[in-house]
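Analysis of the macromolecular model
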Amino acid sequence: MHNTIKPKVTLVGAGPGDPDLLTLKAVKALAEANVVLYDALANDEIFAHAPKNAIKIFVGKKIGNHAYTQDQINQLIVDNALTYGNVVRLKGGDPFIFGRGSEEIEFIESFGIPTVVVPGISSVVAVPASQGISITKRGVSESFWAITGTTSDRKLSSDVALAAQSSATVVILMGMHKLPQIIDLFQKEDKGDLPVAIIQNGTTAEEKVGVGTVDSILEVVKQQKLSSPAIIVLGNVVRESNKLKGFYEEFLSKEIVR
């Protein structure tokens, strides 16, 4: 008897990079996958949770090297679900935070294919936490902005200028190539002394960290050769981190001596 294929798509957040920060629900979804369509993940160990014979297709977009357009990815997900049944669409972080997950879900559901979303631990929160930075803290920061450095028209989000006016912690993803513009907006608000941390490849073995202030961070990036993928955290909570405290205490004592 011929087995009829039951198409189903599970959109899974793979977390910030450390393979142990995958949720149990994500592990269970991967274990049942016939096909895994994945972006450029920070860690390939995650595939260990998928069956050996599952088809694995890289559909990631690296800047300047577009493997597939979003429309092609949408179509690939649907084609594979109709052909093979259980598709896991794997995205770094959380699929609904700058991951275009909702666009994919809308397209898939327009074919009547059932979908499930498995949230992932977002790097917005997890990467600063890995450096002891609590993005909210009583008496220091009552809220946070999570902003993408690259909008669909490749410009810097106009929200950065608004965020710079607030007392909130500002976390910027995919913003390294726009760092001079970001710094400029904070300097315009007289925030030259505001602490900044840049965390490259957060939560992974390749993690690199640069800390400074709005006025000094561009020099730090140059000295430490920091580049994408990195998360930019601007706010007084950066100074509160136990891991980074020593740097800021030293920095402030130098300021006083001057």
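Structure report, in brief. (Residues numbered from 1 in each chain as written. Predicted model: local features only at pLDDT ≥ 70, side-chain atom pairs only at ≥ 80, totals over all residues. Heavy atoms only, no water.)

**Focus: the overall build of the protein**
Scanning the protein from N- to C-terminus turns up nine helices and twelve strands. Projected onto its principal axes, the C-alpha coordinates of the protein cover approximately 85 × 35 × 35 Å. The buried share among the 258 residues of the protein stands at 46%. Long-range pairs, those at least 24 residues apart, make up 66% of the contacts in the protein with a sequence separation of at least 6. (Helix = DSSP H or I, 4+ residues; strand = E, 2+ residues; numbered from the N terminus. Buried < 20%, exposed > 50% of the residue type's maximum accessible area, 1.4 Å probe, protein only. Contact = heavy atoms within 4.5 Å.)

**Topic: the packing of aromatic side chains**
Taken as a whole, this structure holds three aromatic pairs when the rule is applied. Ring geometry for tyrosine 38 and phenylalanine 47: centres 4.6 Å apart, planes at 75°, overall edge-to-face. Each member of the pair tyrosine 38 and phenylalanine 47 is classed as buried. Taken together, a centroid distance of 5.5 Å and an interplanar angle of 55° make the contact between tyrosine 38 and phenylalanine 58 tilted. Residue tyrosine 38 is located in strand 2 (residues 35–38), and its partner phenylalanine 58 is located in strand 3 (residues 55–58); the two are separated by 20 residues in the primary sequence. (Phe/Tyr/Trp six-rings, centres within 6.5 Å; stacked < 30°, edge-to-face > 60°.)

**Brief notes about the nonpolar core**
With 23 residues, the main nonpolar core has Ile172, Ile182, Phe186, Ile198, Ile232 and Leu234 as its most contacted residues. Taken together, the elements giving at least two residues each to this core come down to helix 5 (159–165), strand 9 (169–173), helix 6 (179–188), strand 10 (195–200), helix 7 (217–224) and strand 12 (230–234). By residue number, the principal contributor to this core is helix 6, which donates four residues. Apart from residues no more than four positions distant in its own chain, leucine 234 is found in contact with Ala168, Thr169, Val170, Ile172, Ile182, Phe186, Leu194, Pro195, Val196 and Val214. Leu41, Ile46, Phe47 and Val88 belong to the second-largest nonpolar core, a separate cluster that totals 16 residues. (Core = buried A, V, L, I, M, F, W, Y, C linked by side-chain atoms within 4.5 Å.)

**Re the sheet that holds strand 3**
The strand order across the open sheet formed by five strands is 3-2-6-1-7, and the pairing between neighbours is parallel. Unpaired on one side and paired on the other, strand 3 and strand 7 (115–118) mark the two borders of the sheet. Each adjacent strand pair in this sheet contributes to an overall mean axis angle of 20°, direction not counted. Where strand 2 lies against strand 6 (residues 86–91), four bridges are found, and the strand directions are parallel. Paired with valine 36 across the bridge in strand 6 is valine 88. (Pairing = 2+ DSSP bridges. Axes fitted to C-alpha atoms, helices over the stretch in contact; angles between N-to-C directions.)

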